[in-house]
Amino acid sequence: MRPIQALINTEALRHNLSVVRAHAPNARVISVIKANAYGHGILNAAQALKATDMFAVLRLDEAIILREHDFQHPILLLEGVFQATELHVVAELGLSVVVHAEHQLQMLEQMTLAKKITVFAKMNSGMNRLGFNPKEYRAVVQRLAQCPNVEKIVMMTHFATADDARGISAPFEIFAAHTQGLDYEVSLANSATILCHPQAHANWVRPGIMLYGATPVSERPASSFGLKPVMQLESEIIAVQTLQAGESVGYGNAFVADKPMRVGTVACGYADGYPRHAPTGTPIAVNGVITRTLGRVSMDMLAVDITEIPEANIGAKVELWGEQVPVDEVAAASGTIGYELLCAVTSRVPVKVIHG
Ligand SMILES: *Cc1c(COP(=O)(O)O)cnc(C)c1O
């Protein structure tokens with residue numbers, strides 16, 4: 001069997017949920033498990049996070065899978081529904097929906113649902129992605145309050161710069177000004193807001209990336225927040241080459257040895273989700289020793305420098321990311337964020353749950 005696998009440490013997931021609760025002790029937690037739980041497997045994550053107060057997903061199919069596996073939690077659809085008929089399934093399964101625009105509000109007003117549902121009314125506080133204009137927001141909430149299909153309203157927004165020096169004060173003030181006097185629960189905080197802006201925890205926090213043990217704040221490692229990596233992407237060396245000075249490695253001869261070297265070929269490439277943009281020097285661990293990648297990542301393989309790890313041979317364990325190599329470091333070397341790498345692990349990589 002090809003040696004690559006993604007190990008999912010469920011103890012780390014539970015630990016990271018406890019970090020969320022320690023930061024936001026007065027808030028209820030909506031664990032975001034969209035995008036197949038950021039690549040970790042939606043059912044693996046839901047099982048490990050079953051102490052959460054609510055789950056959030058993107059697709060109705062994901063909510064259906066959770067119900068089919070007996071998860072009774074409230075479940076929020078983060079983009080709401082895309083067609084009016086989906087609201088019947090929403091009501092039947094007891095799901096909650098985001099309503100972010102007029103067409104969704106009209107669907108809700110025009111249908112007759114068998115059961116009332118919870119609606120998260122989303123304000124566009126400046127990100128200009130989803131949400132009602134702040135000036136219209138109060139009228140939207142009033143229409144929802146009068147809508148016979150609506151059981152409960154939660155007011156929400158999402159911040160664009162919670163992870164950097166600009167912070168959230170401008171959108172936070174817009175939200176506060178346009179919801180003043182409205183007596184409903186509030187949800188504002190993604191991972192960056194949970195970790196950096198306690199004044200905006202409100203009633204419901206919405207952690208995603210921090211649950212998986214990667215950082216939402218590029219300047220700070222996940223470990224500095226006490227988070228533990230959940231996924232370990234592992235493989236093995238499947239071939240060893242000995243190079244003389246002047247010889248090269250991989251496509252384009254992109255890396256040229258300036259001295260005699262030992263090079264390991266690892267069974268992991270961009271078709272597994274490892275970033276092709278990772279340059280020579282990207283951190284990687286072999287036999288527990290941190291070393292570097294060499295040359296271009298190819299579809300099924302990449303090269304690793306084992307000159308200083310003489311005991312490493314065919315079969316040596318390689319950690320692409322995980323406990324020794326934070327996914328955020330591989331991401332930074334490749335010009336992206338840990339989120340993208342975790343979500344991009346492809347279906348040909350077997351996922352194995354380990355109960356830490
Ligand atoms: C994905 C998402 C989150 C989680 O964001 P993280 O940065 O992963 O914590 C929270 N809220 C909304 C609306 C989202 O779409």
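Whatever comes next refers back to the structure up there.
Being a predicted model, the structure only gives us computed values, none of them experimental.

S.K.: Sorry if this is basic, but what is going on with the environment of glycine 213 here?
M.R.: Tracing the chain through its elements places glycine 213 in the loop between strand 9 (204-205) and strand 10 (231-243). Separated by 200 residues in the primary sequence, glycine 213 and leucine 13 place their C-alpha atoms 7.7 Å from one another. Non-local contacts of glycine 213, meaning those with residues more than four positions away in its chain, are made with Asn16, Ala222, Leu227, Lys228, Pro229 and Val230.

S.K.: Honestly, the layout of surface pockets in this entry has me stumped. Any pointers?
M.R.: The gaps of empty space that remain are located by a probe, the size of a water molecule, rolled over the atoms. The space that makes up the largest pocket amounts to roughly 980 Å³. Taken together, 46 residues make up the lining of the largest pocket; nearest its centre are Tyr38, Ile209, Pro216, Ile337 and Tyr339. Looking at the lining of the largest pocket, the elements that each hand over two or more residues are helix 2 (34-39), helix 9 (191-196), helix 10 (327-333) and helix 11 (338-344). Among the elements that make up the lining of the largest pocket, the one with the highest residue count is helix 10 (five residues). Residue composition of the lining of the largest pocket, by class: 25 nonpolar, eleven polar and ten charged.

S.K.: Hey, could you run me through the site of the ligand in this one?
M.R.: The environment of the ligand is made up of 13 residues, and the closest members are Lys34, Tyr38, Ser191, Ile209 and Tyr339. One of the backbone N or O atoms of isoleucine 209 is found 2.8 Å from an oxygen atom in the ligand. In the complex, 92% of the free accessible area of the ligand, which totals 390 Å², lies under the protein chains. Comparing atom positions with the cavity grids shows the ligand to sit within the largest pocket. Taken together, the residues that form the shell around the ligand break down as six nonpolar, four polar and three charged.

S.K.: Help me out: how do you make sense of the packing of helix 6 (residues 102-110) against helix 7 (residues 134-146) in this one?
M.R.: In helix packing, the relevant descriptors are the interaxial angle and the interaxial distance, both defined with respect to the helix axes. Packing of helix 6 against helix 7 brings their axes to within 10 Å, and their N-to-C directions diverge by 15°. What the angle tells us is that helix 6 and helix 7 run roughly parallel. Classified by chirality, the crossing of helix 7 by helix 6 is left-handed. Two secondary-structure elements touch here, helix 6 through Glu102, Leu105, Gln106, Leu108 and Glu109 and helix 7 through Val140, Arg143 and Leu144. For the contact of helix 6 with helix 7, the per-class residue count stands at four nonpolar, one polar and three charged.

S.K.: Sorry, what's going on with the pairing of strand 6 (residues 117-122) here?
M.R.: Along a regular strand, successive side chains alternate from one face of the sheet to the other. Counting buried residues in strand 6 gives six out of six residues, a clear majority hidden from the surface. Burial along strand 6 is two-sided: Ile117, Val119 and Ala121 facing one way and Thr118, Phe120 and Lys122 facing the other are all buried. Both strand 5 (residues 96-99) and strand 6 contribute to a ladder of four bridges, which runs parallel. Each residue of the ladder has a partner; that of valine 99, found in strand 6, is alanine 121. In terms of handedness, the path from strand 5 via helix 6 over to strand 6 forms a crossover that is right-handed. The pairing of strand 6 with strand 7 (residues 150-156) spans six bridges and is parallel. Within strand 7, the position partnered with threonine 118 by the bridge is lysine 152.

S.K.: I keep staring at unusual backbone geometry and nothing clicks. Help me out?
M.R.: For residues other than glycine, phi is negative in most cases, and the peptide bonds are mostly trans. Not every positive phi belongs to a glycine, and alanine 35 is a case in point at roughly 50°. Alanine 35 gets classed as partly exposed once you look at its relative accessible area, which sits at 39%.

S.K.: Just checking my understanding: could you explain helix 1 (residues 10-23) for this structure?
M.R.: For an α-helix, 3.6 residues make a turn, and residues three or four places apart therefore share a direction. With 14 residues, helix 1 extends 20 Å from end C-alpha to end C-alpha; this agrees with the ideal 20 Å at 1.5 Å per step. Among all positions of helix 1, only Thr10, Ala12, Leu13, Asn16, Leu17, Val19 and Val20 are buried. Along the axis of helix 1, the buried residues cluster in a sector spanning 165°; they form a single face. The inward-facing, buried residues of helix 1 contact strand 1 (5-9), strand 2 (28-32), helix 3 (42-48), helix 9, strand 9 and strand 18 (351-354). One side-chain oxygen of the residue at the start of helix 1 lies 2.9 Å from the amide nitrogen of glutamate 11, identifying that residue as asparagine 9.

S.K.: Which parts of the structure should I look at to understand empty space enclosed by the protein?
M.R.: For the coordinates displayed, the defined rule picks out three cavities of 30 Å³ or more. In this structure, the largest cavity encloses a volume near 50 Å³. Around the largest cavity, the lining residues are His40, Tyr212, Gly213, Ala214, Pro229, Val230, Met231, Trp321, Gly322, Pro326, Val327 and Leu342. Quantified by volume, the second largest cavity comes out at close to 50 Å³. In this structure, the second largest cavity is lined by Lys122, Met123, Asn124, Ser125, Met127, Arg129, Leu130, Thr157 and His158. Residue composition of the lining of the second largest cavity, by class: three nonpolar, four polar and two charged.

Parameters at a glance
Residues numbered from 1 in each chain as written. Predicted model: local features only at pLDDT ≥ 70, side-chain atom pairs only at ≥ 80, totals over all residues. Heavy atoms only, no water. Helix = DSSP H or I, 4+ residues; strand = E, 2+ residues; numbered from the N terminus. Contact = heavy atoms within 4.5 Å. 1 Å grid on protein atoms, 1.4 Å probe; cavity = no way out; pocket = protein on both sides within 12 Å on 5 of 7 lines; lining within 4 Å. Points joined across faces, edges and corners; volume = space filled by probe spheres on them. Nonpolar A, V, L, I, M, F, W, Y, C, P; charged D, E, K, R; others polar. Near = heavy atom within 4 Å. Polar contact = N/O pair within 3.5 Å; in protein donor to acceptor, adjacent residues only side chain to side chain. Areas by Shrake-Rupley, 256 points an atom, 1.4 Å probe, with all protein chains shown as cover. Sits in = over half its atoms within 2 Å of the grid points. Axes fitted to C-alpha atoms, helices over the stretch in contact; angles between N-to-C directions. Parallel < 35°, antiparallel > 145°, perpendicular 65-115°, else oblique. Left-handed = near helix turned anticlockwise from the far one by under 90°. Buried < 20%, exposed > 50% of the residue type's maximum accessible area, 1.4 Å probe, protein only. Pairing = 2+ DSSP bridges. Right-handed = clockwise from strand over helix to strand, strands pointing away. Expected span 1.5 Å × (residues − 1). Arc of directions from axis to C-beta.

All we've got here are geometric facts, nothing functional implied.
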